[in-house]
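Listed below are the residues making up each chain.
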Amino acid sequence: MRKPALPRIIGLCILYTFIFTGIVTLQFSRQGNFSRRIGSLLVNGQYVLPGENNVEAPGSREGVPYLLAQGAKVFFGGLEFSLAPGAGEGILRLENADGSREPALPESIEISGEKVIFRLPGGTEFSFTAWDEGGFPQLRISAVFADGILAAFIPFRPQGRSRTRITAEKKFMVNAEGLDYRFLRTEIDPEKNLLVLKSGAPSISYGAFSGEKTFDPAEYAPVAASKTDYDEAIRAWRDRIFAYWGASNLHDEDEVIAYGGEALERGAFRANFSRISSAFLSGGAARSYEPSVYIGHLDEALASMLRLDGEKFARLSRTFLERSPEFLRESHGLEYLSVRGSPQLVDEAAAFAPSLDPAALDPGLFPGIFEAFIDWQRLRPGTANPFEALIEDVLTALQGRIQESPSTNRILYFSEGTAEMEFNFQLGKALTDWAESAVSPSWAAVGRSLVLSVLVFSDDAGAVPSLIRLSPAGEFVGDPEVGRISAARLYRTLQPGIYYPHAATLSAPLGLPGGGLWAWTTASEVSIVENADGMDILVNLSEGETHYMLIRGLKPFVRLRFYDQNYRSDPRFERYDSSGWVYSTAEQTLMLKLRHRSAQERINIIFNLPPPPPPPPPPPPEPPVPEENIAVEPAVVVPAYQPYSWTY
């Protein structure tokens, strides 16, 4: 009796499925093929079999490297990035210092969280990091180059039904699964389908975007379209807050510093010195070394400088040791380190800056990135700027967060519906400085607009709300429940004018070993002229004004001169209505008070006194006299000694 056909068919299907699965499993296990999905990113490759070299299969433990047999391929956003064998341009190549390009394959893979790291022989590494931003997949490809490797060329090709195009702005675009993807901060060879990573820009951003209109600096009609408009608005704000300070007693350090610089520029500091409260002058209020340029107390200022600089150096050194981007929170941190004679720390910051992942950076670091770019450009002119690679990502992030008020034509950077005003002010100033140095008029106008959009909320004292919120209609509304940021605090960020207290670099060769010579001053300009015996320090300040200076890193000297006259050291010099000085040998610091009889005064420092004049030569010997001309004196006869006789 024949069995029903249906059970036999089902049984055969199960048998064939089992056999097929077994064959595929056996084939994959023997060849070491693997496939690993990390969010929107897929990695395929071949690893060394578990029985070979005692290694495990990739993915069995995260954070552990596994050996690869035939490289790997990465799939993301409609593209395949190949780190596997290929022909011609279809294989990863590394460029050497001599310009030659050699093929290379990764020898190991490590998967950790959302990151995949490929390590190549010789020390070069590539990492692929995937994440989601607002529902749009994002990818970053970063490289750490071994010594002698200048660039890498990674082949890619469209995958499946994805379509590529070049826009009118020369942007390479990919459409995949209904999303548009684009590259940021990279060089692309669309004819050979190659991505280019260079040692000076070792990171690539690639991701989907909404396609909706975002903030475009080129199309925005900013409130400060020209620098002239901006300068006039800032001048009006300075006039207003100076008048307010002039009618007040100043007891806050920020106010004293801002008022001093503003008053010096207006030639009115000494006439209004009484505005500074007696409590502040006497030390009853907490103060650092910064206002010492106006009020003196230089011994206290030096102690404060040593303490605060020590704390700041320790803080910065710790961030470099941890390879943390937190050093970017320090205002112009690179300039600070360079002025104070620590170029090695500047180099350390530059060494790991290209490896920073902008996607993981706190937006609070954005102003620091612009400042670091500017500092490096000034300190290392003509060299590759290690912070340039971060700029485009920051600008892209700004485009997604800067919002415009529908009715007032103002703009602010918002995060979760709020705008922190001090951050906006710092961002606007740093963005303006960067854009002007990079000759980017559109972004310079945006930076100026951010600054003025903050100041539009200032009151009679120049203070602004700490936070601004968005109304349901998208308007900017001040939050009455939060505090206010003082005008002096904003002035510290802006630092307008030429007399704001600052550290001025003078000269490295005459300073401490490995350090530089620099001054803490309020002068508009400080420079030196070296000579055979020492140097002249030239100081520019308004005639009739007096200021105090700390000159650090100055080696011991033998003489100091003001107004072409010798001046002796006197520990009580600050009490006198004249110039004076004292020197700390232990700290190699000159503390001085300088009264300006002219707009430029000269401090003459003498390290080596000229040698004393040689003694006069001895008189020439008298010529001999002939014997016949010698007069003979008659002999003097001395009688023989006769004792006295005494008669009583």
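Thresholds, definitions, all that
Every chain is numbered on its own, with residues counted from 1 as its sequence reads. In keeping with the model being predicted, local features are shown solely for residues with a pLDDT of at least 70 and side-chain atom pairs are shown and tallied solely at 80 or more, while totals for entire chains, interfaces and linings include all residues. Derived side-chain values reflect all non-hydrogen atoms in the structure, with water molecules and hydrogen atoms excluded from consideration. Only DSSP runs of H or I with at least four residues qualify as helices, and only runs of E with at least two residues qualify as strands; both kinds are numbered from the N terminus onward. Exposed residues in this analysis have more than 50% of their type's maximum accessible area, buried residues have under 20%, and partly exposed residues fall in between, with area computed by a 1.4 Å probe over protein chains only. Accessible surface is estimated by sampling points in the Shrake-Rupley manner with a 1.4 Å probe; for residues, cover comes only from the protein chains shown. Only the stretch in contact is used when fitting a helix axis, every axis being a line fitted to C-alpha atoms; angles between N-to-C directions are given from 0 to 180 degrees. Should an angle lie under 35 degrees it is considered roughly parallel, over 145 roughly antiparallel, and from 65 to 115 roughly perpendicular; all remaining angles are considered oblique. When the near helix sits turned anticlockwise from the far one by under a right angle, the crossing is termed left-handed; a clockwise turn instead gives a right-handed crossing. Note on contacts: a residue pair is in contact if any heavy atoms of the two residues lie within 4.5 Å. Under the scheme applied here, ten amino acids are nonpolar (Ala, Val, Leu, Ile, Met, Phe, Trp, Tyr, Cys and Pro), four are charged (Asp, Glu, Lys and Arg), and all others, including Gly, are polar. Expected span, for any helix, means 1.5 Å times one less than how many residues it has. Any two strands with at least two DSSP bridges between them are considered paired. Whenever Lys or Arg places a side-chain nitrogen within 4 Å of a carboxyl oxygen from Asp or Glu, that contact is recorded as a salt bridge. For the purposes of this section, nonpolar cores are sets of buried Ala, Val, Leu, Ile, Met, Phe, Trp, Tyr and Cys residues that join through side-chain atoms within 4.5 Å. Paired rings are identified among Phe, Tyr and Trp, the last through its six-membered ring, by centres lying within 6.5 Å, and are further divided according to the angle between planes into stacked (under 30 degrees), edge-to-face (over 60) and tilted (the rest). A ring is considered to have a charge above it if a Lys NZ or an Arg CZ atom is located within 6 Å of its centre and within 35 degrees of its normal. Note on scores: pLDDT gives the predictor's confidence for each residue, bounded by 0 and 100.

Student: How would you summarise the overall build of the protein chain if you had to cite specific residues and measurements?
Tutor: For the protein chain, the helix and strand inventory stands at 13 helices and 34 strands. Per-residue burial for the protein chain yields a buried fraction of 46% across its 648 residues. If you sum the accessible surface of the protein chain, you get close to 33,600 Å²; carbon and sulfur atoms cover 53% of it.

Student: Report on the packing of helix α3 (residues 253-265) against helix α13 (residues 487-494), specifying residues and quantitative values.
Tutor: A pair of packed helices is captured by two measures, namely the crossing angle of their axes and the spacing between those axes. Closest axis-to-axis distance for the α3/α13 pair is 8 Å, and the angle between their directions is 60°. In terms of orientation, α3 lies oblique with respect to α13. You can see that α3 and α13 cross each other, and the crossing is left-handed. Listed contacts from α13 to E253, D254, E255, I257, A258, G261 and E262 of α3 are A488, R489, Y491 and R492. A per-class count over the contact of α3 with α13 returns four nonpolar, one polar and six charged.

Student: Describe in detail helix α2 (residues 227-246), supporting the description with residues and values.
Tutor: Helix length check: α2, at 20 residues, gives a terminal C-alpha distance of 28 Å against a target of 28 Å (1.5 Å per residue), a fit within 8%. Buried residues belonging to α2 abut α3, α12 (441-455) and α13.

Student: Tell me about the sheet that holds strand β23 (residues 476-478), and name the residues and values.
Tutor: Strand pairing within a sheet occurs via backbone hydrogen bonds; the two strands may be parallel or antiparallel. Across the sheet, which stays open at both edges, the three strands sit in the order β20-β22-β23 with antiparallel pairing between neighbours. Two strands lie at the open edges of the sheet, namely β20 (418-420) and β23, each paired on one side alone. Sheet twist, expressed as the average angle between the axes of neighbouring strands with direction ignored, equals 30°. Sheet topology places β20 next to strand β22 (residues 467-470); three bridges connect them, and they run antiparallel. Residue E420 lies in a different strand from β22, and its bridge partner there is L467.

Student: Requested: an account of the pattern of salt bridges, with residues and values cited.
Tutor: Here the structure, examined in full by the defined rule, presents 35 salt bridges. Put simply, R492 and D254 hold a salt bridge, and the shortest N to O gap is 2.9 Å. Within this pair, whereas R492 is found in helix α13, its partner D254 is found in helix α3, the two being separated by 238 residues in sequence. Overall, the relative accessible area of 23% leaves R492 in the partly exposed class. Judged by relative accessible area, D254 falls into the buried class, the value being 14%.

Student: Quick rundown of the packing of helix α11 (residues 421-437) against α13? Include the residues and the values.
Tutor: Their axes nearest at 9 Å, the elements α11 and α13 cross at an angle of 25°. Taken together, the axes of α11 and α13 lie roughly parallel to each other. As for how α11 packs across α13, the hand of that crossing is right-handed. Seen from α11, the contacting residues are E422, F425, Q426 and K429; seen from α13, they are R489, L490, T493 and L494. Split into classes, the residues belonging to the contact of α11 with α13 amount to three nonpolar, two polar and three charged.

Student: So what's going on with the nonpolar core? Which residues, and what values?
Tutor: Of all hydrophobic cores here, the largest spans 53 residues; its most connected members are W237, W245, L412, V451 and L455. Sequence-distant contacts of L455, defined by excluding residues within four places in its chain, comprise I234, W237, F425 and L490.

Student: So what's going on with the pairing of strand β5 (residues 93-96)? Which residues, and what values?
Tutor: In this sheet, strand β6 (residues 101-103) lies alongside β5 in antiparallel orientation, the contact comprising three bridges. Bridge pairing in β6 places R93 opposite P103. In this antiparallel pair of consecutive strands, β5 and β6, the connection spans four residues, and G99 shows a positive phi of 90°.

Student: Now, about the side chain of K312: what can you tell me, with residues and values included?
Tutor: Position of K312 among the secondary structure elements: in helix α6 (residues 298-321). Apart from the residues lying within four places of it in its own chain, the contact partners of K312 are E330 and Y336.

Student: Give a detailed account of the environment of D459, specifying residues and quantitative values.
Tutor: Inspection of the secondary structure assignment puts D459 in the loop between α12 and β21 (464-465). Sequence separation between D459 and R484 is 25 residues; the distance between their C-alpha atoms is 9.9 Å. In contact with D459, not counting residues within four places along its chain, are R240 and R484.

Student: Can you explain the packing of aromatic side chains? Please cite residues and give values.
Tutor: Here the structure, examined in full by the defined rule, presents 29 aromatic pairs. With a centroid separation of 6.0 Å and 40° between ring planes, the pair formed by F172 and F183 is classed as tilted. Of this pair, F172 sits in strand β13 (residues 172-176) while F183 sits in strand β14 (residues 179-184); the two residues are 11 residues apart in sequence, bridging distant segments of the chain. When sorted by exposure, F172 lands in the same class as F183, which is buried. Summarising the aromatic geometry, the rings of Y413 and F423 are spaced 5.3 Å apart at their centres and angled 65° between planes, so their arrangement reads as edge-to-face. Of the two residues, Y413 sits in strand β19 (residues 411-413) while F423 sits in helix α11, which places them 10 residues apart along the sequence. Here the aromatic cluster, defined as three or more aromatic residues joined through ring pairs, consists of F76, F81, F118, F128, F156, F172, Y181, F183 and Y206. Here the guanidinium or amino end of R597 rests over the ring plane of Y563, the centre of that ring lying 3.6 Å away.

Student: With reference to specific residues and values, describe the pairing of strand β29 (residues 546-552).
Tutor: Taking burial as the measure, the seven residues of β29 include seven buried ones, the bulk of the element. Pairing geometry for strand β26 (residues 517-521) and β29, over three bridges, is antiparallel. Along β29, the bridge assignment pairs W518 with R552. Note: β29 against strand β33 (residues 589-595), seven bridges, orientation antiparallel. Among the inter-strand pairings, I551 is bridged to a residue of β33, identified as L590.

Student: Tell me about the confidence of the model for the protein chain, residues and numbers included.
Tutor: Overall, the prediction assigns the protein chain a mean pLDDT of 82, with 83% of residues at 70 or greater. Low pLDDT, under 50, characterises residues 644-648; the predicted model gives this stretch zero contacts beyond four residues in sequence or across chains.

Student: Could you give an account of the sheet that holds strand β34 (residues 600-606), with specific residues and numbers?
Tutor: In spatial order, the strands read β27-β28-β34-β30-β31; together these five strands make up an open sheet with antiparallel pairing. The sheet terminates laterally at β27 (525-530) and β31 (565-566), the two strands that pair on one side only. When strand β30 (residues 559-562) meets β31, the two strands line up antiparallel, connected through two bridges. Paired with F562 across the strands is Q565, a residue of β31.

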